[in-house]
Amino acid sequence: HRARLRDASNTEVAVKVQYPDSEHLFRTDMKAIRDFFEVAAPEQVIILNELERSFEEEFNYKCEAENLRLIASHIAAPFAKEVAIPKAYPELTTRRMLVMELLPGPKLVDGLTAYGKVVAAEKGMTLAEIEDEMRRNWDENGIPAKYDGPSAAEIETYLTYAQWKDSLYNAGVYAANTCVGVAQALFGAGTKFAYTSTTLPPNAPRIMDILMRVHGEQVLRHGCFNADPHAGNFLLMPDDRIGLIDFGSTKKLTRGERLIACVLYAALARGDTKMLVDVSVNGGYKSKHMNSDVCVKMVRFGMDTWGKDLMEGKNMQQFIDDCYTTDPWEEVADNLVMVNFMSIRLRSVGLAMNYPVVVSSFWGSIAERVLQEEGLPYDIWTLDLMNEVTAGQLRIAKS
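A. Inspection of the sheet that holds strand 4 (residues 97-101) at higher detail. Pairing in this open sheet of 3 strands is antiparallel, and the strands run 1-2-4 from one edge to the other. Of all strands in the sheet, those bounded by a partner on one side alone are strand 1 (2-4) and strand 4. Averaged over neighbouring strand pairs, the angle between their axes works out to 40° when direction is ignored. Summarising the sheet, strand 1 and strand 2 (residues 12-17) pair through 3 bridges and their orientation is antiparallel.

As structure tokens, this is what we get:
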């Protein structure tokens, strides 16, 4: 909700108010999900404990106010020209009401919807029909591993051109309408011309580059991140920055968990399958046959990519079912489940903009730098070292 502070500043703020019974409804929903998965998809039950733990903090808005402060302290300075995080007012915040700075601009999801409707109309289709067509294309041809289209600079050039074109046209309309106004005053005749405003596409390469770098730094350098990033939590601000909002689901990693995440993404970027298996074994991964190919496939699927080079013509559920049938997993540590969840969310944002991403292509270099800065470069990592840095920290979930 919009509001204004009742003080001399009269500052406009955003107020987030918790619905009554939302916590009770969440627990009821989670029980229903767990009951369903135990029957229909037992291989998915293994992730639910950590999801439930992580989302419980969302019901205490004092925690979210502190999350805003903490993550801003990590990324506000290095990304000052690219992102903004609203300042919270902790003195006005309670467990069920959060008061924070109001950031201007529409949500990314609204910008995508507006542009999608324009594209659909040009094709004589509805937005729903366009989305169905895209899904059918992915089902038939697979999701491309990476975006292969115009660069951020090329799209920015087009956006600038479109804005200048509108400005020049509207300047002519203004001049013409001035003459029409005179004619109407003198002779009672004349029709004014309409101004134009081109609906511009979001610059997907620029937006995804910023989002991937910002979230990679949160996970790998600071070990404190928004685990639930989606298109409704990003604002397209007038100054071209991206507003980051809704930090209720913020996950904090231990140093050991953060370093293992660094090793994981460096290994994914390098294509080091042996290291990926070692990371999984360190994380308590156990399956019926300990098939390394299945292990690597599931790590890539959960943490990195849905590209057709991995999926081999299967949709997501078919892929999981095939892996589970080949080698059913029985135990796994759930320490990095929220990193997995964040990766899925970010990849979904990319797909919504027709910009598929491979997470490790953004995070691999960050991971390598962090490991060097910590005095633990990638090449020295062994299973024994992993066990040492995560000793006593694993939370084993059983299928």
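B. Spatial organisation of the packing of aromatic side chains. According to the stated counting rule, one finds 5 aromatic pairs in the structure shown. Pairing Tyr 265 with Trp 363 gives two aromatic rings, centres 4.9 Å apart and planes at 70°, and the pair type is edge-to-face. Of this pair, Tyr 265 sits in helix 8 (residues 255-270) while Trp 363 sits in helix 14 (residues 359-373); the two residues are 98 residues apart in sequence, bridging distant segments of the chain. Each member of the pair, Tyr 265 as well as Trp 363, carries the same accessibility label: buried. The lysine or arginine in question, Arg 347, covers the ring of Trp 306, its NZ or CZ lying 4.5 Å from the ring centre.

C. Examining the pairing of strand 2 more closely. As paired elements, strand 2 and strand 4 share 5 bridges and run antiparallel to each other. Residue Lys 16 lies in a different strand from strand 4, and its bridge partner there is Leu 98.

Each value, and the rule that gives it
Residues numbered from 1 in each chain as written. Predicted model: local features only at pLDDT ≥ 70, side-chain atom pairs only at ≥ 80, totals over all residues. Heavy atoms only, no water. Pairing = 2+ DSSP bridges. Helix = DSSP H or I, 4+ residues; strand = E, 2+ residues; numbered from the N terminus. Axes fitted to C-alpha atoms, helices over the stretch in contact; angles between N-to-C directions. Phe/Tyr/Trp six-rings, centres within 6.5 Å; stacked < 30°, edge-to-face > 60°. Buried < 20%, exposed > 50% of the residue type's maximum accessible area, 1.4 Å probe, protein only. Lys NZ or Arg CZ within 6 Å of the ring centre and 35° of its normal.

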